[in-house]
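# Inside the fold
Here are the chains, one letter per residue:
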Amino acid sequence: MTDFMSRQQGHLMLGGRVDLNVLAARHGTPLELAYLPQITRQVHGMMGWAAQAARATAYAGTFLYAYATKANFAADVVRTALEAGAHYETSAAADVKIAHHLWKQGILKADRYLICNGSKEPHYTDAILRLRRAGHAAVISVLDDLDEFAALRTCPLPMQFGVREREAGNRDGAHLGNDRFGLTAGEMADVVAGLAGTPHTLVMYHAMIGSQVEDADHFLTTLRASIRNYCELRQRVPTLRFFNYGGGTPTSGYRLDFEFDYTGFLTLLMEEMRALCLEYSVPMPDLVGEFGRYTVANHSVYLFDVGQVKRGAEGQPDWYLINGSLMVSIPDSVLVPDQKFVTLPLDGWDRPLRAVRLGSRRTCDSDDVYPRPGKAPLMLPDSGVGTVIAICGVGAYQQMISGRGGAHHCLSPEPRRIIFEEKDGQLVQRVEAAQTQAELMRLIGYQSPMRQPAPTVPMHPSLWPTPVPRAGSRH
């Protein structure tokens, strides 16, 4: 059905190897499944398509795949992406601290670039400086304002810098917040001037279009101005060697009918870059793509059980009420109005369809529903109570927004988690227990087990304390 989900002999299969029907029967629901080999497949797939495009266009630069860790910080996820060959893209101080830890462990290799994006408060710049001073030279701090440049250029060791363009930050018209990032052309000129006479170098030009951009022609059209900006800057700055076209690469995680020609898009991008570099008489740069959703969205699935069915209001679809919270498990269902999740039944594919909305039984919140009001309902088998459904595409952002390991809305506990990874060609699994009530109580400040206050017993008058006479009192 998709590049990560198939149906074999009546069973739903994740990655062609993980049988969701068997796992639901064995472990019950709710259940979270993480299939790490899918991450490896995503990374290798993109690198393979880039290699095909480079051969087709005789592109002279290299292609770097950077995992945007904000999509999912989980240790096994980050480790898998790095082992697959990804470089590391950060957006906050915590990312750099994680990278520092992984570098010391040898998981983040010395030749992997650490691309530091986002607005940088002092604790973020301090983390970058500590890592650079510790000896990791492949750190590129992409400047978001001149204050962070002033802080970072004090490093006694050579630093590599990038600049992110600002004027073009919202060319897709859909992500209004993007226009707060980056530098103006004048500020970029200040950076170039400020690097003169220092051991530091400007090496990267960063563009950013948006997220889940599925129109390849639109993607390329919006990047064209950025490529020209890069070429003009490269004419003045010979150390500039990376063109980072940012994120936006779409993933198949959210639609069954998804189609995108990755090789075709990369071929067009390289052709455009080659032609404009020739026009400006500058060398073709190494290309950097940042992949967050694309890397991890498809590797994780939630399983829920329909425990109750309610008739919908007049003219409205019926309710399938599940043993979980949609607001907790897939917060984008509330935060992003048009966000869709592929939702599939494990059984009942031969039964008549029923128009339904999913509702949570673990909160009493009217917003804890999917799809949102006004959106088309789901079409699921009419099997009702006992129907097990899989919600796909939940590996990117959902846990990070919800707050993995924390206390959630209505104290809805996180479900049991089963992580699958490949070792020496064999698929192995690790089971993590669901959150318990005792854990949740501790997180919000209650003792566990919760102690009842001691009963109040009236004191007998004979035990009352004898009043102490006051100075000057007659008694």
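Below: a short report on this structure. (Residues numbered from 1 in each chain as written. Predicted model: local features only at pLDDT ≥ 70, side-chain atom pairs only at ≥ 80, totals over all residues. Heavy atoms only, no water.)

Our next topic: the packing of helix H2 (residues 37-57) against helix H9 (residues 262-280). Between H2 and H9, whose axes approach to 8 Å, the crossing angle comes to 45 degrees. Taken together, the axes of H2 and H9 are oblique relative to one another. Considering how the two elements wind past one another, H2 and H9 form a crossing that is right-handed. The segment H2 lies against H9, with Met46, Trp49, Ala50, Gln52, Ala53, Ala54 and Thr57 engaging Tyr262, Thr263, Leu266, Thr267, Met270, Glu271 and Arg274. Across the contact of H2 with H9, the residue classes tally to eight nonpolar, four polar and two charged. (Axes fitted to C-alpha atoms, helices over the stretch in contact; angles between N-to-C directions. Helix = DSSP H or I, 4+ residues; strand = E, 2+ residues; numbered from the N terminus. Parallel < 35°, antiparallel > 145°, perpendicular 65-115°, else oblique. Left-handed = near helix turned anticlockwise from the far one by under 90°. Contact = heavy atoms within 4.5 Å. Nonpolar A, V, L, I, M, F, W, Y, C, P; charged D, E, K, R; others polar.)

A few words now on the packing of aromatic side chains. In the structure shown here, the tally under the stated rule is 17 aromatic pairs. With a centroid separation of 6.1 Å and an interplanar angle of 50 degrees, the aromatic rings of Phe260 and Phe265 are classed as tilted. Phe265 shares its class with Phe260; the two are buried. Here the aromatic cluster, defined as three or more aromatic residues joined through ring pairs, consists of Trp49, Phe63, Tyr65, Tyr245, Phe260, Tyr262, Phe265, Phe291 and Tyr294. (Phe/Tyr/Trp six-rings, centres within 6.5 Å; stacked < 30°, edge-to-face > 60°. Buried < 20%, exposed > 50% of the residue type's maximum accessible area, 1.4 Å probe, protein only.)

With that out of the way, let us pick up the pairing of strand S1 (residues 5-8). In terms of strand pairing, S1 meets strand S2 (residues 11-14) through four bridges, oriented antiparallel. Bridged to Gln8 within S2 is His11. Following S1, the chain reverses through two residues before pairing antiparallel with S2; Gln9 in that reversal takes a positive phi of roughly 50 degrees. (Pairing = 2+ DSSP bridges.)

Across the two faces of strand S6 (residues 87-90) the burial is the same, with His87 and Glu89 and Tyr88 and Thr90 all buried. Taken together, the three bridges between strand S5 (residues 63-68) and S6 define a ladder with parallel strand orientation. Each bridged residue has a counterpart across the sheet, and for Ala66 the counterpart in S6 is His87. For the crossover from S5 across helix H3 (residues 75-83) to S6, the handedness is right-handed. For S6 and strand S7 (residues 114-116), the ladder comprises three bridges, and the chain directions are parallel. Opposite Thr90, over in S7, you have Cys116 as the bridge partner. (Right-handed = clockwise from strand over helix to strand, strands pointing away.)

Attention now goes to the sheet that holds S2. Taken together, the three strands give an open sheet; going across it, the order is S1-S2-S3, and neighbouring strands pair in antiparallel fashion. The open sheet terminates on both sides in strands that have one partner only, identified here as S1 and strand S3 (18-19).

Moving on, we get to the state of the cysteines. The full count for this structure, using the stated rule, is zero disulfides. No disulfide involves Cys277; its sulfur sits 4.0 Å from that of Cys231, the nearest cysteine. (Disulfide = S-S within 2.5 Å.)

This brings us to a nonpolar patch on the surface. On the surface, Met1, Leu256 and Trp349 cluster together into a nonpolar patch covering about 280 Å² of accessible area. With respect to the element layout, Trp349 can be found in the loop between strand S15 (343-345) and strand S16 (353-360). (Patch = residues over 30% accessible without salt bridge, like charges linked within 9 Å, V, L, I, M, F, W, Y side chains within 5 Å. Areas by Shrake-Rupley, 256 points an atom, 1.4 Å probe, with all protein chains shown as cover. Salt bridge = Lys/Arg side-chain N within 4 Å of Asp/Glu carboxyl O.)

Reading around the circumference, S5-S6-S7-S8-S9-S10-S11-S12 is the order of the eight strands in this closed barrel, with parallel pairing throughout. Between one strand axis and the next, the sheet turns through 30 degrees on average, direction left out of account. Bridge analysis of strand S11 (residues 242-246) against strand S12 (residues 286-291) gives four bridges, and the strand direction is parallel. When the sheet's bridge partners are listed, Phe242 is paired in S12 with Asp286. Lying on the sheet, H9 is in contact with S5, S11 and S12; it crosses S11 at an angle near 140 degrees.

Here we take up the nonpolar core. Grouped together as the largest cluster of nonpolar side chains are 100 residues, with contacts concentrated most on Phe63, Leu223, Phe243, Tyr245, Phe265 and Leu358. Broken down by element, the residue count for this core peaks at nine residues, all from H9. Beyond its immediate sequence surroundings of up to four residues, Tyr245 is in contact with Phe63, Ala207, Met208, Phe219, Leu223, Phe265, Leu266, Leu269, Val288, Gly289 and Phe291. In this structure, Phe4, Val301, Ala390 and Phe420 belong to the second largest nonpolar core, which totals 21 residues. (Core = buried A, V, L, I, M, F, W, Y, C linked by side-chain atoms within 4.5 Å.)

Right, let's talk about the environment of Val142 for a bit. Checked against the element boundaries, Val142 lands in strand S8 (residues 139-143). When the C-alpha positions of Val142 and Glu439 are compared, they lie 40 Å apart, and in sequence the two are 297 residues distant. Once residues lying within four places of it in the same chain are set aside, the contact partners of Val142 are Ile115, Cys116, Asn117, Gly118, Lys120, Glu148, Gly162, Val163, Arg164, Met204 and His206.

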